[in-house]
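# Report on the structure
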Amino acid sequence: MAVEPISLISLARLAAPIINEILKLSKKAGTRGLQKWEASSFPRKIATRIKSLDTVRTIWKSQPLSLQTFFHPPKLAFQEKPEFVTRLSAFEDNAVIIEGIVGQGKSIFLRSLAINEITSNDAQRLPLFIELKDLSIKTDLQGAIFRALESYDIDIDEATIDFLFKSGKFSLLLDGFDEIEEKLVKAVYLHIEHLARRYPELLIVVTSRPGNEIQKSPTFKTLRIAELTPAEFPAFLTKLGVSSEKSLELRQAIRNSPSKLSNLIKTPLMLTLVVIVYEAEVRIPETLPEFFDRLFQVVVSNHDRLKGGFTRVHQSGLSERGLQTVFEAFCFMTLQLGHNRTLTADQFEEVFKYAIKYSDGLKCDADNFKADITNTACLMLMEGIDSITYLHKSILDYYAASFVRKLNEKNSSHFYQAMLKKTLGWEDVLSFLKSIDSFRYSQKFILPFVASEKEIFCCDLSKKVLQNCQILWRRHILILDFVFRGTLRRQTQRP
């Protein structure tokens, strides 16, 4: 049964008790920053701000959706035992990292926790939700926190902030630590650490992919999002609005698929993408490259399929394949120029200028390319007046990897040699290349990488330790030789 989004009036009513409790405590403490909360209409204003977290764009539908209508909550691993978490009060610690790989729905999960806290009818904290990808030299974390507080009609002064963060009635939800610009990471990390130590009563929840600076913190406890299991597929597909009959058909197709794709459906995003392709193709593609290629073709032609007999003329003047070629170059150049998922208008122009040079002689205008990618393919979205963002980081990473896969031998060697010196920011691209460019990935990256690591690691060791190192090294070589030869055999067997 479909879930209706909660109304603004209901949300305001549910938020009123925690608002009144905080206001009462502030008067007792003598702080003056919450004077605007006295207005009878104030709960509605807070509710409007919180309800904005409920509206999101997804690859599932082109129009904005209420996450309450489609979101299937993930499980978190508490001492390696996966459990569903739907409330902020479920966290025993006040400094928590929610760690998940690409596509596990970290951002939407954090939004759902903020909304559920209010809709629970027993709200313990008011959520402050901040997207860390928006931080810049001009807007640091403190500025973003102040802006969030001001959106709640709080007049900023030191005494008020001190009261709010010590009251135990607020939660600071920081989304996307892995999306912070590299030059800002250390400062943001230190600021978060400072807040956690100065205000132990403040619940701080940070989302991040594995292996980032925040996970090194001795103050925070890391909870991993568990993999999506086949047992959860029916409930997940139901939330997407897939009928029982179609759900059964799709799950059977996944089980019977000869491709490795069925083994990769460990995240909500991957299952959603499979649904999109399957609805158009009525089959599961046999390889990962074929899957993503079909995905691009499906999303580009999706509007046309619904209109029977209508063939859309792309504003760029490019064919479907040509549009994909330029988009792949665009994704690669986004990373090559050091940008993240969200681009300003100037950055978009800069990336496009380089991308079109590496697009097999194709020609098109930047604005028309933008229109095709945002309005037709919907793989990028306009955010406000001056920003455009990739629908998901995995879209950026895969199609950048696809660009590398199609490079000639000389340029491929240049790329993999560069990766030996610096992989930061390219980890997920390399992960895709392991599957779609496996021979050159093994030959030009893995073998040289392990060889260089062996040399560095062994150079200063004692004789006994060196012998152990050499034993381990020989084992690595045997494993790599097996992988490499298997890859070579598959390559030579191709027609």
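Figured I'd write up the structure that's included with this text. (Residues numbered from 1 in each chain as written. Predicted model: local features only at pLDDT ≥ 70, side-chain atom pairs only at ≥ 80, totals over all residues. Heavy atoms only, no water.)

## Considering helix 15 (residues 393–405)
Here is the rule: Helix and strand labels come from DSSP, where a helix needs a run of H or I of at least four residues and a strand needs a run of E of at least two; each type is numbered from the N terminus. Given the number of residues in a helix, its expected span is that number minus one, multiplied by 1.5 Å. Burial status follows relative accessibility: with a 1.4 Å probe on protein chains alone, a residue under 20% of its type maximum counts as buried, one over 50% as exposed, and anything between as partly exposed.
The end-to-end C-alpha distance of helix 15 is 19 Å, a good match for the 18 Å that 13 residues give at a rise of 1.5 Å each. Buried residues dominate helix 15, accounting for 12 of its 13 residues. Turning to helix 15, its buried residues are Lys-393, Ser-394, Ile-395, Leu-396, Asp-397, Tyr-398, Tyr-399, Ala-400, Ala-401, Ser-402, Phe-403 and Val-404.

## Focus: the packing of aromatic side chains
Put simply, the rule reads: Aromatic pairs are defined between Phe, Tyr and Trp rings, using the six-membered ring for Trp, whenever the two ring centres lie within 6.5 Å; interplanar angles under 30 degrees are classed as stacked, those over 60 as edge-to-face, and all others as tilted. Note on criteria: charge over ring means Lys NZ or Arg CZ within 6 Å of the ring centre, with the direction from the centre no more than 35 degrees off the ring normal.
Per the stated rule, a full pass over the model turns up 25 aromatic pairs. Judged by centre distance (5.4 Å) and plane angle (80°), the rings of Phe-165 and Tyr-199 are edge-to-face. Of this pair, Phe-165 sits in helix 5 (residues 158–166) while Tyr-199 is found in the loop between helix 6 (185–198) and strand 8 (203–208), placing the two residues 34 residues apart along the sequence. In this structure Phe-165 comes out as buried when scored by relative accessible area, which is 3%. Their ring planes at 50° and their centres at 6.2 Å tell us that Phe-327 and Tyr-390 sit as a pair that is tilted. In this pair, Phe-327 is assigned in helix 12 (residues 320–336) and Tyr-390 in strand 12 (residues 387–390), connecting sequence segments 63 residues apart. Under the relative-accessibility criterion, Phe-327 is labelled buried at 0%. Within the aromatic cluster, the residues linked to one another by ring pairs are Phe-291, Phe-292, Phe-296, Phe-327, Phe-330, Phe-348, Phe-352, Phe-369, Tyr-390, Tyr-398, Tyr-399 and Phe-432. When the ring centre of Tyr-354 is taken as reference, the NZ or CZ atom of Lys-357 above it lies at 5.5 Å.

## Remarks on the side chain of Lys-106
What counts is decided by this rule: Here the positive residues are Lys and Arg and the negative ones are Asp and Glu; neither His nor the chain ends is included. Salt bridge criterion: a side-chain nitrogen from Lys or Arg within 4 Å of a carboxyl oxygen from Asp or Glu. Two N or O atoms count as a polar contact when they lie within 3.5 Å, although within protein this holds only if one can serve as hydrogen donor and the other as acceptor, and sequence-adjacent residues are included solely when both atoms are side-chain atoms. Contacts: residue pairs with any heavy atoms within 4.5 Å of one another.
Within the secondary structure layout, Lys-106 lies in helix 3 (residues 106–119). For the buried Lys-106, no salt bridge is present, and the opposite-charge side chain at shortest range is Asp-178, 5.3 Å distant. Here the side chain of Lys-106 touches Gly-100 through a polar contact of 3.3 Å, landing on its backbone oxygen. Apart from residues no more than four positions distant in its own chain, Lys-106 is found in contact with Ile-98, Glu-99, Gly-100, Ile-101, Asp-175, Asp-178, Thr-207, Ser-208, Arg-209 and Ile-225.

## Comments concerning the pattern of salt bridges
Taken as a whole and assessed by the stated rule, the structure comprises 26 salt bridges. The partner of Lys-27 in a salt bridge is Glu-38, with the nearest N and O atoms 3.0 Å apart. Of this pair, Lys-27 sits in helix 1 (residues 8–29) while Glu-38 sits in the loop between helix 1 and helix 2 (42–51); the two residues are 11 residues apart in sequence, bridging distant segments of the chain. A residue is classified by how much of its surface remains accessible, and Glu-38, at 46% relative accessible area, is partly exposed. With a closest N to O distance of 3.0 Å, Arg-197 and Glu-193 form a salt bridge. Taken together, the residues span about one helical turn, with Arg-197 and Glu-193 both in helix 6 at a distance of 4 residues. Each of Asp-178, Arg-209, Lys-393, Asp-397 and Asp-428 takes part in one network of salt bridges that share partners.

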